[in-house]
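Below are the chains, spelled out letter by letter.
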Amino acid sequence: MSSSPNPAVTDPLRLHVPEPSARPGEATDFSYLQLSPAGAVDKPALDVTASQTTPLTTQLVRVLDDNGDAVGPWAADIDDEVLRQAMHAMLKTRAYDARMLIAQRQKKTSFYIQCLGEEAIAVGQTLALREGDMQFPTYRQQGILITKGVSLVDMMCQVLSNAADPLKGRQLPIMYSYKDAGFFSISGNLTTQYIQAVGWAMASAIKGDTKIATAWVGDGATAEGDFHAALVFGHVYRAPVILNVVNNQWAISTFQAIAGGENTTFAARGAAYGIPSLRVDGNDLLAVYAVSRWAAERARSNLGATMIEWVTYRAGPHSTSDDPSKYRPADDAQHFPLGDPIERLKAHMIKRGLWSDEQHEQARSEYDAEIARALKEAETHGLLGSDNRPGAADMFNDVYKDMPEHLRRQRQQLGV
Ligand SMILES: Cc1ncc(C[n+]2csc(CCOP(=O)(O)OP(=O)(O)O)c2C)c(N)n1
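Residues numbered from 1 in each chain as written. Predicted model: local features only at pLDDT ≥ 70, side-chain atom pairs only at ≥ 80, totals over all residues. Heavy atoms only, no water.

### Things to note about helix α6 (residues 192–206)
Part 1: When the terminal C-alpha atoms of α6 are compared, their 22 Å separation across 15 residues agrees well with the 21 Å that a helix rising 1.5 Å per residue should span.
Part 2: Among the structural elements, β1 (134–136), β2 (213–218), α7 (225–236), β3 (241–247) and β7 (306–311) are those in contact with the buried residues of α6.
Part 3: G208, located one to two residues past α6, shows a positive phi value of around 70°. (Helix = DSSP H or I, 4+ residues; strand = E, 2+ residues; numbered from the N terminus. Expected span 1.5 Å × (residues − 1). Contact = heavy atoms within 4.5 Å.)

In structure tokens form, the structure reads like this:
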């Protein structure tokens, strides 16, 4: 009797469509996150190879433990002053978001995006960089600008698209651009900045400069082709760039599993392309700072790109146009096992004698007041629906370096 080499298939095939473990009214099972205890993950040598980091891409670098203590190999020296700066920048970022959200609800602007719960990542990395480095952000890294002390009034004028808008009303609110602050123009097209950051870093190397670039992308946007192109170029040319993936578990209403996160990690992708990669607690300011400094040092030492997956949670709606209660449990953020970045840093700083509940409350109310004052001032330059806005003639400038004939004609047709 001979057995058939190709037995008849009886079960029909089924398409697998990943789903989150919970929908509204249910409780998320966060066990998919694969957490490591604080202090448990090694700190590799700067010249580590990608394959040596492969085991680390399924672990999680964490410094702050549940008692607010800094533990393990990544807990090394962080200045008290850096911690204070980080706390102030995180509180200010949160206060800015809260105020701008209200401004949108009051119809002062058409649109806003918060970074609630993700403040530590942009703030911590910015503090680990140097003047002259260029960051290629998404719309959820306003913490970079606030850490750098960019004028709040100026940022607000962009959000209000008013007469003092530095971008002359041409861009959707929150799509900032601050070349001098090392903040590359935000584009609405997801992931385009990722490959541009690698190119900028390559240019810095070609010129023999000492500046490095940082690239930012969300978990959902890693599914774009530009993500893969960036990894290939970053690896091939050993570009001095930090490739950040902010895994906040959601891309609008889609869970990270549908972007390719099921049974793997985003950090694992970097290692597979030949880029040393780490997976890090994004709600742990000390871990963000330590790992960012390490990656920056690797880049400056001509050791090439580093990929960092920051594990965090998008605690707020995707944007002011989104209602997350339609697709995820309303109390999900409170159950996220990595907690809140501000609360965790606060507990650590109080333990270290650098901060107190009173100072915390005072800083919070001072930022609320400062931001309210800044918004009042920004509103004197106009807001949504007012006539106080950039002139229509501006609409035709800067399409090209010099205005071509057909744009001149269109401007004349408009009579401006
Ligand atoms: C090329 C492109 N496709 C789709 C969109 C619409 N869009 C805007 S934000 C977003 C979700 C992005 O999610 P993620 O990358 O996880 O970042 P997060 O918003 O969570 O920070 C989508 C699909 C877009 N802006 N550009």
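### Looking at a nonpolar patch on the surface
Part 1: Together, V232, F233, V236 and Y237 line one region of the surface with nonpolar side chains, adding up to about 380 Å² of accessible area.
Part 2: On the accessibility criterion, V232 (38% relative accessible area) is partly exposed. (Patch = residues over 30% accessible without salt bridge, like charges linked within 9 Å, V, L, I, M, F, W, Y side chains within 5 Å. Areas by Shrake-Rupley, 256 points an atom, 1.4 Å probe, with all protein chains shown as cover. Salt bridge = Lys/Arg side-chain N within 4 Å of Asp/Glu carboxyl O. Buried < 20%, exposed > 50% of the residue type's maximum accessible area, 1.4 Å probe, protein only.)

### Topic: the nonpolar core
Part 1: In terms of nonpolar packing, the biggest core is built from 77 residues, with Y96, Y176, W310 and L345 touching the most fellow members.
Part 2: Excluding residues that lie within four positions of it along the chain, Y96 makes contacts with Y112, I146, L152, M155, M156, V159, Y176 and I371.
Part 3: In this structure, A221, F227, V241 and M307 belong to the second largest nonpolar core, which totals 23 residues. (Core = buried A, V, L, I, M, F, W, Y, C linked by side-chain atoms within 4.5 Å.)

### Section: the packing of aromatic side chains
Part 1: Summed over the entire model, instances satisfying the criterion amount to 14 aromatic pairs.
Part 2: Clustering of aromatic rings is evident, with ring pairs tying together F30, Y32, W250, F255, Y313, Y327 and F336.
Part 3: The ring of W294 carries the charged tip of R298 above its face, separated from the ring centre by 5.7 Å. (Phe/Tyr/Trp six-rings, centres within 6.5 Å; stacked < 30°, edge-to-face > 60°. Lys NZ or Arg CZ within 6 Å of the ring centre and 35° of its normal.)

### Considerations on the site of the ligand
Part 1: Contacts to the ligand come from 15 residues, most closely from Y139, R140, G188, A221 and W250.
Part 2: Separating an oxygen atom of the ligand from a side-chain N or O atom of Y139 is a distance of 2.6 Å.
Part 3: Backbone polar atom of L190 to a nitrogen atom of the ligand: 3.2 Å apart, as the coordinates give it. (Near = heavy atom within 4 Å. Polar contact = N/O pair within 3.5 Å; in protein donor to acceptor, adjacent residues only side chain to side chain.)

### So, the sheet that holds β2
Part 1: Within the open sheet, the five strands sit side by side as β1-β2-β3-β7-β6. Their pairing is parallel. In the strand order of this sheet, the two ends are held by β1 and β6 (277–281), each with one partner. When strand polarity is set aside, the average angle formed by the axes of neighbouring strands in this sheet is 20°.
Part 2: In this structure, β6 lies alongside β7, joined through five bridges in parallel fashion. Bridged to V280 within β7 is W310.
Part 3: Sheet contacts for helix α3 (residues 119–127): β1, β2, β3 and β7; angle to β2, the most-contacted strand, approximately 170°. (Pairing = 2+ DSSP bridges. Axes fitted to C-alpha atoms, helices over the stretch in contact; angles between N-to-C directions.)

### Remarks on the packing of helix α2 (residues 80–105) against helix α9 (residues 285–300)
Part 1: With their axes 11 Å apart at the nearest point, α2 and α9 run at an angle of 115° to one another. By crossing handedness, the relation of α2 to α9 is classed as right-handed. Across the interface between the two elements, V82, L83, A86 and M90 of α2 pack against L285, L286 and Y289 of α9.
Part 2: Grouping the constituent residues of the contact of α2 with α9 by class yields seven nonpolar, no polar and no charged. (Left-handed = near helix turned anticlockwise from the far one by under 90°. Nonpolar A, V, L, I, M, F, W, Y, C, P; charged D, E, K, R; others polar.)

### Quick word on the pattern of salt bridges
Part 1: Scanning the entire structure with this criterion turns up 20 salt bridges.
Part 2: A salt bridge links K108 to E379; the shortest N-O distance between them is 2.9 Å. Residue K108 is located in the loop between α2 and α3, and its partner E379 is located in helix α12 (residues 357–379); the two are separated by 271 residues in the primary sequence.
Part 3: Judged by relative accessible area, which is 23%, E379 ranks as partly exposed.
Part 4: Residue K326 pairs with D323 through a salt bridge whose shortest N-O separation is 3.3 Å.
Part 5: Take D323: its relative accessible area is 36%, and that puts it in the partly exposed class.
Part 6: Connected through salt bridges with shared partners, the residues R62, D281, D284 and R344 form a single ionic network.

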